[in-house]
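# Results of the structural survey
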Amino acid sequence: MDKAQQDALKKAAGIEAAKLVTNGMIAGLGTGSTVRFLVDELGRRVQEEGLQFTGVTTSRRTQEQAEGYGIKIVDVDDVDHIDVTIDGADEVDKNFDGIKGGGAALLWEKIVATNSNKIVWIVDESKVVDTIGAFPLPVEVIPFGAGHVIKKFEAKGYKPVLRLDADGKEVRTDENNFVVDLHLGRIDHPRELAEDLINTVGVVEHGLFLNMVDTVIVGDPNGPRVMTNGNK
Ligand SMILES: O=C[C@H](O)[C@H](O)[C@H](O)COP(=O)(O)O
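Residues numbered from 1 in each chain as written. Predicted model: local features only at pLDDT ≥ 70, side-chain atom pairs only at ≥ 80, totals over all residues. Heavy atoms only, no water.

With that out of the way, let us pick up the overall build of the protein chain. Of regular secondary structure, the protein chain possesses six helices and 14 strands. A globule of 232 residues ought to have a C-alpha radius of gyration of about 17 Å, and the protein chain, at 17 Å, matches this closely. Reported as C-alpha extents along the three principal axes, the dimensions of the protein chain are approximately 55 × 35 × 35 Å. Looking at the protein chain as a whole, 52% of its 232 residues are labelled buried. (Helix = DSSP H or I, 4+ residues; strand = E, 2+ residues; numbered from the N terminus. Rg over C-alpha atoms; globule rule 2.2 N^0.38 Å. Buried < 20%, exposed > 50% of the residue type's maximum accessible area, 1.4 Å probe, protein only.)

Spatial ordering of the open sheet is given by S9-S10-S8-S11, a layout of four strands whose pairing is antiparallel. Both edges of this open sheet fall to strand S9 (160-162) and strand S11 (203-206), since each of them pairs with a single strand only. Sheet twist, expressed as the mean angle between neighbouring strand axes with direction ignored, is 30°. The sheet contact formed by S9 and strand S10 (residues 178-182) spans three bridges and is antiparallel. The partner of Pro160 across the bridge, within S10, is Leu182. (Pairing = 2+ DSSP bridges. Axes fitted to C-alpha atoms, helices over the stretch in contact; angles between N-to-C directions.)

Before going further, it helps to spend a moment on the packing of aromatic side chains. Under the definition given, this model contains two aromatic pairs. With a centroid separation of 5.8 Å and an interplanar angle of 45°, the aromatic rings of Phe153 and Tyr158 are classed as tilted. Cation over ring: Lys100 sits above Phe209, and NZ or CZ is 5.6 Å from the ring centre. Between Lys110 and the ring centre of Phe209, over which it is positioned, the NZ or CZ distance is 4.9 Å. (Phe/Tyr/Trp six-rings, centres within 6.5 Å; stacked < 30°, edge-to-face > 60°. Lys NZ or Arg CZ within 6 Å of the ring centre and 35° of its normal.)

Here the focus is the environment of Gln5. Within the secondary structure, Gln5 is located in helix H1 (residues 3-18). Looking at Gln5, the relative accessible area reads 45%, which means it is partly exposed.

What follows concerns helix H3 (residues 60-68). Along an α-helix, a turn takes 3.6 residues, which lines up residues three or four apart on a common side. Among all positions in H3, only Thr62, Gln65 and Ala66 are buried. What you see down the axis of H3 is that its buried residues fit within an arc of 95°, all on one side. Counted as exposed and oriented over 90 degrees from the buried face of H3: Glu64 and Gly68. Check the buried side of H3 and you find it contacts strand S1 (26-29), helix H2 (33-49), strand S2 (54-57) and strand S3 (72-73). A positive phi of about 85° marks Gly70, the residue just after H3. (Arc of directions from axis to C-beta. Contact = heavy atoms within 4.5 Å.)

Domain annotation of the protein chain identifies domain 1 (3-129 + 211-221) and domain 2 (137-205). Taking the mean C-alpha position of each, domain 1 and domain 2 sit 24 Å from one another. Facing the 15 residues of domain 1 at the interface are 14 residues of domain 2. Of the roughly 1100 Å² buried between domain 1 and domain 2, counting both surfaces, carbon and sulfur atoms make up 58%. The largest per-residue losses of area from domain 1 upon contact with domain 2 belong to Ala104, Leu106 and Leu107, which jointly make up 43% of the total buried on that side. Where domain 1 packs against domain 2, one counts three salt bridges. Of the charged contacts in the structure, one is a salt bridge between Asp97 and Arg191, with a shortest N-O distance of 2.9 Å. (Domains from an automatic or database assignment. Buried area = accessible area lost by both parts, 1.4 Å probe. Salt bridge = Lys/Arg side-chain N within 4 Å of Asp/Glu carboxyl O.)

For the rest of this paragraph, the subject is the UniProt feature "active site" (unreviewed entry) in the protein chain. UniProt marks Glu109 with the feature "active site" (unreviewed entry), using the numbering shown here. Its place among the elements puts Glu109 in helix H4 (residues 106-114). Exposure remark for Glu109: the relative accessible area of 3% places this residue in the buried category. Glu109 has contacts with Thr31, Thr58, Asp87, Lys100, Gly101 and Phe209, leaving out every residue within four places of it along the chain. (UniProt positions renumbered as here; feature names shortened; annotations may be inferred.)

Moving on to the confidence of the model for the protein chain. Per-residue pLDDT for the protein chain has a mean of 97; in total, 100% of the residues score no lower than 70. Both confidence scores are given for the complex: pTM 0.97, ipTM 0.98. (pLDDT = per-residue confidence, 0-100.)

What follows concerns the sheet that holds strand S12 (residues 208-210). Pairing is antiparallel across the open sheet formed by three strands, whose spatial order is S5-S6-S12. The open sheet is flanked by strand S5 (91-92) and S12, the only strands paired with a single partner. Relative to the sheet, helix H6 (residues 190-198) contacts strand S6 (97-99) and S12, its axis offset from that of S12 by approximately 130°.

Below, the structure is given as structure tokens:
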């Protein structure tokens with residue numbers, strides 16, 4: 001699949017998911033190239049159809065895009081609930097375990113997700129996998145002592161790589177932390193791994209989102225396909 005085809009599938013999933021946002025809702029808005037299509041569609045509806053909703057964003061990038069359309073954005077601490085959060089994902093398997101954080105937004109995404117009544121992911125079909133882990137698992141790490149965290153990961157065989165930008169500088173998250181990507185190949189025991197990562201001092205959060213999502217909208221060449229999680 002070339003990039004244009006993949007973008008078409010992402011866009012179709014984003015437009016389909018935008019239908020879930022209706023007047024008066026508080027909606028969490030994720031981050032990434034798929035979510036950009038969602039926000040474009042929501043912005044269009046705000047401007048052309050008078051849709052009124054309040055957004056809670058998971059990154060400064062999404063906030064800027066949404067506010068550019070005149071979408072009202074508030075801080076996560078200024079709402080008492082979030083009706084639905086729509087976000088992208090890097091991988092998701094049939095158990096609805098997924099990896100997120102390819103765009104370094106995993107921490108805010110997990111905070112918004114865990115405070116949402118419903119979580120929806122929008123992905124193209126290439127993200128639906130049998131076993132997660134081919135996509136390097138992002139882990140958000142405090143800069144102080146990050147070298148020691150990386151050494152601990154190396155000793156455990158996690159194959160960590162500190163994420164750098166195009167200029168060779170450490171990527172910083174919206175909380176000014178580093179991202180370490182674990183090149184695991186496959187993750188057979190995601191719950192044990194999640195437990196180990198979150199108990200490592202210096203780790204703020206990891207990109208394993210295990211059985212959190214309610215619905216996955218998959219951009220498919222035959223039209224958007226919906227996968228519903230019956231185990232939540
Ligand atoms: O940190 C970024 C997020 O978790 C994204 O939602 C995820 O990486 C998917 O992004 P994209 O839609 O660009 O593939």
